[in-house]
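A closer look at the structure
Given next are the chains, with one letter for each unit.
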Amino acid sequence: MSTISLRIPESLHKKARDLAKKEKTSINQLVSSALAEKVSALITEEYIETRANRASKDKFRKALTKVANVEPDESDK
């Protein structure tokens, strides 16, 4: 585990303290979870952007030609 010192506005600290109490967890756990969610979202965004940059409209159109042109099942409408 690492320790970081973080300066945040008192109003944000109070809200975090209140939320942690409501969730029956520590402020450390709340902040760790929030940071993990943000890091995950940013990594996911980067991954999707990397994949999108490899995309090819021509390959997509070619793949679509292999899909049967049929009406969807009634349950899928």
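The structure reproduced in this document is the subject of the present report. (Residues numbered from 1 in each chain as written. Predicted model: local features only at pLDDT ≥ 70, side-chain atom pairs only at ≥ 80, totals over all residues. Heavy atoms only, no water.)

Our next topic: the overall build of the chain. Broken down by element type, the chain carries 3 helices and 0 strands. Helices and strands in the chain line up, N terminus first, as α-α-α. Over its C-alpha atoms the chain spans a radius of gyration of 23 Å, topping by over 25% the 11 Å that the globule rule assigns to 77 residues. Projecting the C-alpha coordinates of the chain onto the three principal axes gives extents of approximately 60 × 35 × 25 Å. Counting over 77 residues, the chain shows a buried share of 3%. Carbon and sulfur atoms provide 55% of the accessible area of the chain, an area that totals close to 7,900 Å². In the chain, 16 side chains carry a positive charge and 12 a negative one; their mean positions are 6 Å apart. (Helix = DSSP H or I, 4+ residues; strand = E, 2+ residues; numbered from the N terminus. Rg over C-alpha atoms; globule rule 2.2 N^0.38 Å. Buried < 20%, exposed > 50% of the residue type's maximum accessible area, 1.4 Å probe, protein only. Areas by Shrake-Rupley, 256 points an atom, 1.4 Å probe, with all protein chains shown as cover. Lys, Arg positive; Asp, Glu negative; His and termini not counted. Charge placed at Lys NZ, Arg CZ, Asp CG, Glu CD.)

The subject of this paragraph is the environment of Ser-2. Counting through the fold element by element, Ser-2 comes out in the segment before helix H1 (10–22). You can call Ser-2 exposed: its relative accessible area is 70%. Remark: the alpha-carbon pair of Ser-2 and Val-31, spanning 29 residues in sequence, is separated by 13 Å.

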